[in-house]
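Structure assessment
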Amino acid sequence: MANGARKWVGARAKRKEDVRFVTGRGRYTDDVKLPGMLHAAVLRSPYAHARIVNIDTSKAKQLEGVMAVITGEEAKKFWKPLAPTINISMKVPELYAIAVDKVRFAGEPVAAVAAVSRYVAEDALDLIRVEYEPLPVVTSVEEALEEGAPLLYPEWGDNVQVDWGCSIGDVEGAFSKATHVFQEEFTQHRWTGVPMEGRAAVADYDPYCKQMTVWMSTQAPNQSRTLIAQTLGLPEQNVRVITQDVGGGFGNKLQADAEVIPCLLAMITGRPVKWTESRVENLLSGMQCRDYVWKLQVAADGNGKILGIKADLVGNIGCDGTVRAAGAGKILVAGAYLPGPYKVPAYEVRVRGVVTNKGPYGAYRGYGKDIANFPMERMMQVMSQKLGIPPEELRRRNFIRPEEFPYKQISGPLYDSGNFEACLDKALELIDYANVRNKQQELRRQGKYLGIGLAFTLEPSGGAVPNCIFNGYEPARVRLVPEGGVQVHTGLQNIGQGIETTLAQVVADELNLDLDDVKVIFGDTDAMPYGLGVWSSRGATYGVSAVKEAARKLREKILAVAANMLQVAVEDLEIDYKSVCSKTSDKRISFRELGNAVHLWPGPYGLVPKEHEAGLEASVVWTSSVVSWTPDELGRIVLYTTHPSSCLAVVVEVDIETGQIKLLDAAVAHDCGTVINPTIVEGQIQGGTAQGIGGALMEELKYDSNGQLLNVDMSTYLHPTAMEIPDLKIAHIESPSPFTPLGSKGMGEGPTIAPPAAIANAVEDALSEFGVRVSELPLTPDRVFELIKRFAVKAG
Ligand code: MCN
């Protein structure tokens, strides 16, 4: 195959990993069974805020089959406070995996048991007596910000964990010359990722070799290893994290929090210990998201062109967003990405993350881009209605244009490429926009309420946060084995998103192989390079680039060795299927001959020319070529990453008698640069959009004023099924990124971002004759019914 030709990249290859999933051979952490293994259970606080006065574990210790019972106070002798997951300048609390002195959310661990079975361990929990002194509870940001509010961390002096802001351009000038100023408040409720498999860890400690092995369900095995080693004070090189299949991560599996409990219990008992999170535990103490209030002011000229934005965000980040969870960073991302795909000449923003007695605030598909997206896309709808400019036209007037890339957004990020208008046009075409608009008028005359809603997303794939630099790199190693096949070692993790197939596609193209000739190896910190796992849709940006460059390097080496062996010039050679052949003669050598010769029987002069390392493997640490080490105007070191974008268009019908919303049609036109596998990308869009629809229509973590979570199971925390999700229409628009060798950008998070705004916009559009303004989500039938009643009365 000629250099650069593509057979696999862009192909709808079937997912390699699905063979084991559909044959029931997926291996999850809970499947791990070790000889002599104990089971852990965790006692959790019933109070949202309380001082721990005393814990009596004596009866639990006497129960037959119990091997260890530990409280936070006792555990403190063995471990250190949880290490922060994100390294951003903000207040970092001193917290332990098992609470010491005080609990700050209902569900926080206060003691743990290791026993011969989970049943015995759970029975032992019932025998532990804890004396609490309840403290006043704050659940809303308004309460938490009040003068004299109860403080979660009295040493901070307030409840604000993160506070950042900036003012760029002539903001006051923009507002004074504006024809229109729009002022709105947008809020979103609290929801969560609900991975099918909760968090889980099996720890096995060898005290003689000081070796800790942890099977763990995580999105980032190396980071988990570092966090576990730091917390337990173990030499990191002796900690091995093994991650097999992961039953969904969705950003929720980036910490090492409760997972360190079985590790400590394994050290104490000298036996392997398993802990698997129950659904109740997952809803109480897993990563929670959204839950914020934006106050937004937009200055615009007479044509609806944005002149300036003033924005204020207060996020309810629960008990913590840095140690138990990494959600505080989302607040900063939201500040940077509010302007999204639009030109904003002047921008003033303040973002605050406020702690309350709700559960941990962590990463969830979107990581702050969702927080930025909702107010901006909702504001587009409000502006469109007030100005009488169609929503698609208003967006067009404000879009950054394709010829303007790379584009430095006012809030800091450098956008690599995109064609926003093409995405918008395609999404409209897919829902047959003009026709639906006509039909809308007709149906309204018959008493049927149809609405169309749009939302545009733009996000960094690979992370970019003001005030900090993410480690913008990823390593990869590609090895030709003697038999002629290839192994790829990556620091990414398969969490269901399909990297075993897509990375193989990239390598297969570079080395002219079939997919079955390539094995992708991941999920074992003793075997993989120190890569950073998967979050912020970084795989197709960083991981893919590293693998492609390593395979290219190996290709050069293969050609050089073949030239040596065949005694021809490198330029005369090309790679054919599993072999190297001369372009001008019938000389040819197979990968097997080459692999055997180099690995097993290198000749006296060596077969690998001096300019290459010996062996037949190549390693690359790929880094974003565009990192500005010079602080920008806000004093930030900025990592420039890739920016996928998309447009979601939905058509809804609202039954005004019941408040029921039916999604009649939905289309996504998205741009993630070069698409490696369209089928996988479409699957990501289907799954991500379904999650976003869930958040828009039904998913909600409901807390009462005492900080009690009221819905801790799947019969009360509602989740969408196939019944609620329309058959999505999907189109790919490709604006290859100039920042990556293949032009690919990540996209896994994006589809979850747009549905809340698009659906809220569609509902407002459907109910425009009542003047309905959607102020709260999820749009459950009772809430929609209330809205109609309230606005119908207002409208008289
Ligand atoms: N892809 C592609 N071509 C592109 C971009 C992506 O073929 N131009 C493919 C990738 O190779 C990969 C998938 O699409 O197979 C998603 O790629 P990417 O967007 O790079 O995301 P990551 O591999 O970094 O995965 C993480 C991302 C995130 S951050 C969350 S959260 C998430 C997600 O992907 N959680 C998921 N998708 C998920 N999918 C499943 N099934 N389960 C989760 O927990």
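Whatever comes next refers back to the structure up there.
Procedures and definitions
Residues numbered from 1 in each chain as written. Predicted model: local features only at pLDDT ≥ 70, side-chain atom pairs only at ≥ 80, totals over all residues. Heavy atoms only, no water. Disulfide = S-S within 2.5 Å. Buried < 20%, exposed > 50% of the residue type's maximum accessible area, 1.4 Å probe, protein only. Phe/Tyr/Trp six-rings, centres within 6.5 Å; stacked < 30°, edge-to-face > 60°. Lys NZ or Arg CZ within 6 Å of the ring centre and 35° of its normal. Near = heavy atom within 4 Å. Polar contact = N/O pair within 3.5 Å; in protein donor to acceptor, adjacent residues only side chain to side chain. Helix = DSSP H or I, 4+ residues; strand = E, 2+ residues; numbered from the N terminus. Nonpolar A, V, L, I, M, F, W, Y, C, P; charged D, E, K, R; others polar. Arc of directions from axis to C-beta. Salt bridge = Lys/Arg side-chain N within 4 Å of Asp/Glu carboxyl O. Core = buried A, V, L, I, M, F, W, Y, C linked by side-chain atoms within 4.5 Å. Contact = heavy atoms within 4.5 Å. Pairing = 2+ DSSP bridges. Axes fitted to C-alpha atoms, helices over the stretch in contact; angles between N-to-C directions. Parallel < 35°, antiparallel > 145°, perpendicular 65-115°, else oblique. Left-handed = near helix turned anticlockwise from the far one by under 90°.

Note on terminology: disulfide describes a covalent bond linking the sulfur atoms of two cysteines. Under the counting rule described, the total for this entry stands at zero disulfides. Cysteine Cys 289 remains unbridged, with the sulfur of Cys 319 as its closest cysteine sulfur at 14 Å. Cys 289 gets classed as buried once you look at its relative accessible area, which sits at 0%.

Here we take up the packing of aromatic side chains. Here the structure, examined in full by the defined rule, presents 11 aromatic pairs. Members of the aromatic cluster, connected to one another through ring pairs, are Tyr 342, Phe 399, Phe 405, Phe 420 and Phe 456. Taking NZ or CZ as reference, Arg 290 lies 4.3 Å from the ring centre of Trp 191, over its face. Sitting above the plane of the Phe 175 ring, Lys 310 keeps its charged end 4.6 Å from the centroid.

So, about the site of the ligand. Neighbouring the ligand are 32 residues, the closest being Gly 249, Gln 497, Ala 540, Met 747 and Gly 748. The backbone of Gln 497 places a nitrogen or oxygen atom 2.6 Å from an oxygen atom of the ligand. Taking Arg 538, its main chain carries an N or O atom lying 3.2 Å from an oxygen atom of the ligand. When contributions to the shell around the ligand are tallied by element, the ones reaching two or more residues are helix H15 (499–511), helix H16 (539–566) and helix H18 (678–697). Here the shell around the ligand takes three residues from H18, the largest share from any one element. Considered class by class, the residues forming the shell around the ligand number 12 nonpolar, 16 polar and four charged.

A turn of α-helix holds 3.6 residues, and therefore any two residues three or four places apart point the same way. What helix H4 (residues 118–126) keeps buried is the set Val 120, Ala 121, Ala 124 and Leu 125. Take H4 and look down its axis: the buried residues cluster within an arc of 150 degrees, on one side only. Residues of H4 that are exposed and angled more than 90 degrees away from the buried face: Tyr 119 and Asp 126. The opening residue of H4 is Ser 117, an N-cap whose side-chain oxygen sits 3.3 Å from the backbone nitrogen of Tyr 119.

By the definition in use, this model includes 52 salt bridges. Of the charged contacts in the structure, one is a salt bridge between Lys 7 and Asp 514, with a shortest N-O distance of 3.5 Å. Of this pair, Lys 7 sits in the segment before helix H1 (18–22) while Asp 514 is found in the loop between H15 and strand E21 (518–521), placing the two residues 507 residues apart along the sequence. Since its relative accessible area comes to 46%, Lys 7 is described here as partly exposed. What makes Asp 514 partly exposed here is its relative accessible area of 29%. Its salt-bridge partner being Arg 592, residue Glu 483 comes within 3.9 Å of it at the nearest N-O pair. Taken as a pair, Glu 483 in the loop between strand E19 (473–480) and strand E20 (486–490) and Arg 592 in helix H17 (residues 591–599) lie far apart in primary sequence, 109 residues in all. In this structure Glu 483 comes out as partly exposed when scored by relative accessible area, which is 42%. Residue Arg 592 is classed as partly exposed on the basis of its relative accessible area, which comes to 47%.

One broad trend across soluble globular proteins is that nonpolar side chains are buried collectively. The biggest cluster of nonpolar side chains holds 166 residues, and the ones touching the most others in it are Trp 79, Ile 228, Trp 294, Ile 309, Val 654, Leu 767 and Leu 779. The element contributing the most residues to this core is helix H11 (residues 369–387), with nine residues. If sequence neighbours within four positions are ignored, Ile 228 has contacts with Val 214, Met 216, Val 239, Val 241, Ala 256, Val 260 and Cys 263.

Of all 10 residues in strand E18 (residues 449–458), 10 are buried, a share of seventy percent or more. Alternating positions in E18 separate into two faces, Tyr 449, Gly 451, Gly 453, Ala 455 and Thr 457 on one and Leu 450, Ile 452, Leu 454, Phe 456 and Leu 458 on the other, with burial throughout.

On to the sheet that holds E19. Backbone hydrogen bonds are what pair the strands of a sheet, in a parallel or an antiparallel way. With mixed pairing, four strands are arranged side by side in an open sheet as E21-E20-E19-E25. Because the sheet does not close on itself, it has two edges, and the strands there are E21 and strand E25 (617–623). Across the sheet, the mean angle from the axis of one strand to that of its neighbour is 20 degrees, orientation sign disregarded. Pairing analysis gives seven bridges linking E19 to E25, with the strands arranged antiparallel. By the bridge assignment, Arg 477 is partnered in E25 with Ser 619. Sheet strands touched by H15: E19, E20 and E21. Its angle to E21, the strand with the most contacts, is close to 135 degrees.

Take the side chain of His 189 next. Structurally, the position occupied by His 189 is in strand E8 (residues 180–192). When its relative accessible area of 7% is taken as the criterion, His 189 is described as buried. In this structure the side chain of His 189 is engaged in a polar contact, spanning 2.8 Å, whose partner is the backbone oxygen of Glu 699. Among the polar contacts made by the side chain of His 189, one reaches the main-chain carbonyl oxygen of Leu 777 at a distance of 3.3 Å. For His 189, the contacting residues outside a window of four places in its chain are Cys 289, Arg 290, Asp 291, Gly 695, Glu 699, Glu 700, Leu 777 and Pro 778.

At a minimum axis separation of 11 Å, helix H7 (residues 221–232) and helix H8 (residues 260–269) run at an interaxial angle of 50 degrees. Between H7 and H8, the interaxial angle falls into the category oblique. H8 is crossed by H7, and the crossing has right-handed handedness. In this structure, H7 uses Ile 228, Thr 231 and Leu 232 to contact H8, whose residues at the interface are Val 260, Cys 263, Leu 264 and Met 267. For the contact of H7 with H8, the class distribution of residues is six nonpolar, one polar and no charged.

Bringing the pairing of strand E12 (residues 273–276) into the picture now. Both strand E1 (residues 38–44) and E12 contribute to a ladder of two bridges, which runs parallel. Bridging across to E12, Leu 38 finds its partner in Val 273. Sheet topology note: the strand E9 (residues 200–206)/E12 ladder contains four bridges and is antiparallel. Counted as the bridge partner of Ala 201 is Trp 275 from E12.

Strand order in the open sheet formed by three strands is E4-E2-E6, and the pairing between neighbours is antiparallel. The two strands at the open ends of the sheet, each matched to only one other strand, are strand E4 (102–103) and strand E6 (129–134). With two bridges connecting them, strand E2 (residues 50–56) and E4 associate as antiparallel partners. Pairing of Arg 51 across the sheet is with Lys 102, part of E4.

Here the residue pair Phe 405 and Pro 406 is connected by a cis peptide bond, since its omega of -5 degrees sits within 30 degrees of zero. On the secondary structure map, Pro 406 appears in the loop between helix H12 (391–398) and strand E16 (407–408). Look at the link from Leu 777 to Pro 778: it is a cis peptide, with omega at -5 degrees. Within the element layout of this structure, Pro 778 appears in the loop between helix H20 (755–766) and helix H21 (781–795). The phi dihedral of Phe 250 falls on the positive side, at around 55 degrees, and the residue is not glycine. In this structure, Ser 536 takes a positive phi of about 50 degrees despite not being glycine. When its relative accessible area of 11% is taken as the criterion, Ser 536 is described as buried.

Extensive coverage of H8 is indicated by the burial of seven of its 10 residues. Considered for burial, the residues of H8 that qualify are Val 260, Ile 261, Pro 262, Cys 263, Leu 264, Leu 265 and Ala 266. Looking one or two residues beyond H8, the residue adopting positive phi is Gly 270, at roughly 75 degrees.

Attention now moves to the environment of Ala 111. Tracing the backbone shows Ala 111 in strand E5 (residues 109–115). Note on Ala 111: relative accessible area 0%, which makes it buried. Ignoring anything within four residues of it in the chain, the contact list for Ala 111 reads Ala 41, Val 42, Leu 43, Ile 70, Thr 71, Ile 98 and Ile 128.

All quantities given are derived from atomic positions and should not be read as evidence of function.
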